[in-house]
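Close look at the chain arrangement
As a plain string of letters, each chain reads:
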Amino acid sequence: MKESYNLEFKEEISRTFLKTVSAYANYNDGEILFGIDDDGQLLGMKNLATEESLRIENMINDSLVPVPNFEISVEAIGDLKVIRLAVKKGKDTPYYCKGKAYKRADTATIEVDRFELRRLAMEGINLNDEDRKASSQELSFAVLEWWLQEAAGIEKINLDILKTLNLYNKDGYYNLAGELLADHNEIGFSGIDIVKFGKDISQIQFRKTITNRSLLTQFDMAIELFEQYYIFEEIDGYNRTKKNGFPKRRFENPWQTPSFIVYGTLTRLFK
């Protein structure tokens, strides 16, 4: 037996195999056999194979974002046992291992460059948010529940409602759309950077970045900051009138402001 583009041997379990998991998930199905050295010599697992299989599973779940599809099996060859890890190419690219993405180069695993990383990201973006698996399956929806109470009179959110809103996939997992509307998320591209300039763009009077929060929370906080800085009261004699220093409809325009993602999502859900 020899190593190849889609087959790698590991004499024992170390963190280096996680890079190869990233490579297979990004580009092609592949297998890693534990208990075989680089020359293809069968050594078998030194420790109990079932316990080592669980260790491999936990390492993948803790180190890969998002977690790819994989299967682990224990196979007996004579009196020795090896662990077979089969990794499927995923659609939700790039698959990161400790913040880096990898690919195979013949029998080696190397980090992708920034140009290839961009291509992988564009490939992954083509997948609908309803099909992409959320990076976490431990999500809460208190903010969404409040919005649904106000907009639709729904007293309590449940899994059926999340499925109706296409936030929970029919295959049994929270999708990316669900993660975007969850109370908290770990999505790097979800956020708003709000800046109030002075006399020109070289003078920043106020700045606030809102990240890792529900799109609904981002929307509320963006409107709150708008009203704080652009709505004022004008006194004319005995009359006091509220006025906008900037048209609110332009602030909410999905083509003119960073809040277009939030606004678009709310429009689809609650219009």
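The rules behind each value
- Residues numbered from 1 in each chain as written.
- Predicted model: local features only at pLDDT ≥ 70, side-chain atom pairs only at ≥ 80, totals over all residues.
- Heavy atoms only, no water.
- Patch = residues over 30% accessible without salt bridge, like charges linked within 9 Å, V, L, I, M, F, W, Y side chains within 5 Å.
- Areas by Shrake-Rupley, 256 points an atom, 1.4 Å probe, with all protein chains shown as cover.
- Salt bridge = Lys/Arg side-chain N within 4 Å of Asp/Glu carboxyl O.
- Helix = DSSP H or I, 4+ residues; strand = E, 2+ residues; numbered from the N terminus.
- Buried < 20%, exposed > 50% of the residue type's maximum accessible area, 1.4 Å probe, protein only.
- Pairing = 2+ DSSP bridges.
- Axes fitted to C-alpha atoms, helices over the stretch in contact; angles between N-to-C directions.
- Contact = heavy atoms within 4.5 Å.
- Parallel < 35°, antiparallel > 145°, perpendicular 65-115°, else oblique.
- Nonpolar A, V, L, I, M, F, W, Y, C, P; charged D, E, K, R; others polar.
- Expected span 1.5 Å × (residues − 1).
- Polar contact = N/O pair within 3.5 Å; in protein donor to acceptor, adjacent residues only side chain to side chain.

1. Remarks on a nonpolar patch on the surface
- Taken together, the side chains of F197, I201 and I204 define a hydrophobic patch exposed on the protein surface, amounting to about 320 Å² of accessible area.
- Relative to the helices and strands, F197 is located in strand β11 (residues 191-197).
- What makes F197 partly exposed here is its relative accessible area of 38%.

2. Section: the sheet that holds strand β4 (residues 70-77)
- Spatial ordering of the open sheet is given by β1-β2-β5-β4, a layout of 4 strands whose pairing is mixed. If you trace the sheet from one side to the other, it starts and ends with β1 (7-10) and β4, each paired once. Neighbouring strand axes in the sheet, compared pairwise and without regard to direction, differ in orientation by 20° on average.
- Contacting β1, β2 (30-34) and β5 (80-87), helix α1 (residues 17-27) runs over the sheet at an angle of about 160° to β2.
- On the sheet, helix α2 (residues 49-63) packs against β2, β4 and β5 and is oriented at approximately 160° with respect to β4.

3. Observations regarding the packing of helix α4 (residues 142-152) against helix α7 (residues 215-230)
- One way to put it is that α4 packs onto α7 with a least axis distance of 8 Å and a crossing angle of 70°. Classified by the angle between their axes, α4 and α7 sit roughly perpendicular to one another. Where α4 approaches α7, its residues V143, L144 and W147 are matched on the opposing element by L216, T217, F219 and D220.
- Considered class by class, the residues forming the contact of α4 with α7 number 5 nonpolar, 1 polar and 1 charged.

4. Things to note about α7
- Compared with the 22 Å implied by 1.5 Å per residue over 16 residues, the 22 Å span of α7 between its first and last C-alpha is a close match.
- Those residues of α7 lying buried are L215, L216, T217, Q218, F219, M221, A222, I223, L225 and F226.
- Where α7 starts, the residue carrying a side-chain oxygen 3.1 Å from the main-chain nitrogen of L216 turns out to be S214.

5. Some remarks on the side chain of N185
- With respect to the helices and strands, N185 occurs in the loop between α6 (176-181) and β11.
- Using a relative accessible area of 3% as the deciding quantity, one classes N185 as buried.
- One polar contact links the side chain of N185 to the main-chain carbonyl oxygen of R213, over a distance of 3.3 Å.
- For N185, the residues in contact, after removing those within four places along its chain, are E179, L180, S190, N212, R213 and S214.

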